[in-house]
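Each chain, letter by letter, is given below.
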Amino acid sequence: VLVPEGFTPDESILREQSTFETALDAIVAAGVEKQRAVAAINERQRALAVTIEAAAVLVAKEHGAEVDHLAADVREQLSAAGDEADDAADAAGDA
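Residues numbered from 1 in each chain as written. Predicted model: local features only at pLDDT ≥ 70, side-chain atom pairs only at ≥ 80, totals over all residues. Heavy atoms only, no water.

Asks: Run through a nonpolar patch on the surface, naming residues and quoting values.
Replies: Together, Val1, Val3 and Phe7 line one region of the surface with nonpolar side chains, adding up to about 410 Å² of accessible area. Mapped onto the secondary structure, Val3 falls in the segment before helix 1 (11–15). (Patch = residues over 30% accessible without salt bridge, like charges linked within 9 Å, V, L, I, M, F, W, Y side chains within 5 Å. Areas by Shrake-Rupley, 256 points an atom, 1.4 Å probe, with all protein chains shown as cover. Salt bridge = Lys/Arg side-chain N within 4 Å of Asp/Glu carboxyl O. Helix = DSSP H or I, 4+ residues; strand = E, 2+ residues; numbered from the N terminus.)

Asks: Tell me about the nonpolar core, residues and numbers included.
Replies: Among the nonpolar cores identified, the biggest contains 18 residues, and Ile27, Ile41, Val57 and Val67 are the most heavily contacted of them. At the level of elements, helix 2 (19–29), helix 3 (34–48), helix 4 (52–62) and helix 5 (68–94) are the ones that each hand at least two residues to this core. Per-element tally for this core: the top contributor is helix 4, with 6 residues. (Core = buried A, V, L, I, M, F, W, Y, C linked by side-chain atoms within 4.5 Å. Buried < 20%, exposed > 50% of the residue type's maximum accessible area, 1.4 Å probe, protein only.)

Asks: Go over the confidence of the model for the chain with me, naming the residues and quoting the values.
Replies: Caution is warranted with low-pLDDT regions, since their predicted coordinates should not be read in detail. Put simply, the chain has an average pLDDT of 85, and 80% of its residues get 70 or more. By mean pLDDT, the top-scoring element of the chain is helix 3 (97), and the lowest-scoring one is helix 1 (63). (pLDDT = per-residue confidence, 0-100.)

Asks: Pulling in residues and values, what's your account of helix 3?
Replies: Compared with an ideal rise of 1.5 Å per residue, which puts 15 residues at 21 Å, helix 3 spans 21 Å between its outermost C-alpha atoms and is within 8% of the ideal. Of the residues trailing helix 3, Ala49 is marked for its positive phi of about 55°. (Expected span 1.5 Å × (residues − 1).)

Asks: How would you explain the side chain of Thr19 if you had to name every residue and give the values?
Replies: Inspection of the secondary structure puts Thr19 in helix 2. Classification of Thr19 as buried rests on a relative accessible area of 13%. The contacts of Thr19, once residues within four sequence positions are left out, are Glu53, Val57, Leu70, Asp73, Val74 and Gln77. (Contact = heavy atoms within 4.5 Å.)

The following block contains the structure:
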């Protein structure tokens, strides 16, 4: 890949928020202190053994935040991860 000299990415790329950041912002907007929100997300992640994004969406939903659009993204990520795990298990079984 060749990057032209003087190239600078569009600022929208640099400002794009992750699923986690968007969910965290929604929790804070629902009235939860940011530090408490992060602690709740981390606890949920540990307890359920899910991704940080999934935990953040769950905590956001618990606080009444509108994150359905994020939930769909997280479901896709979890499904893809499950498919990869199945493929790896199948490959190990073939060995």
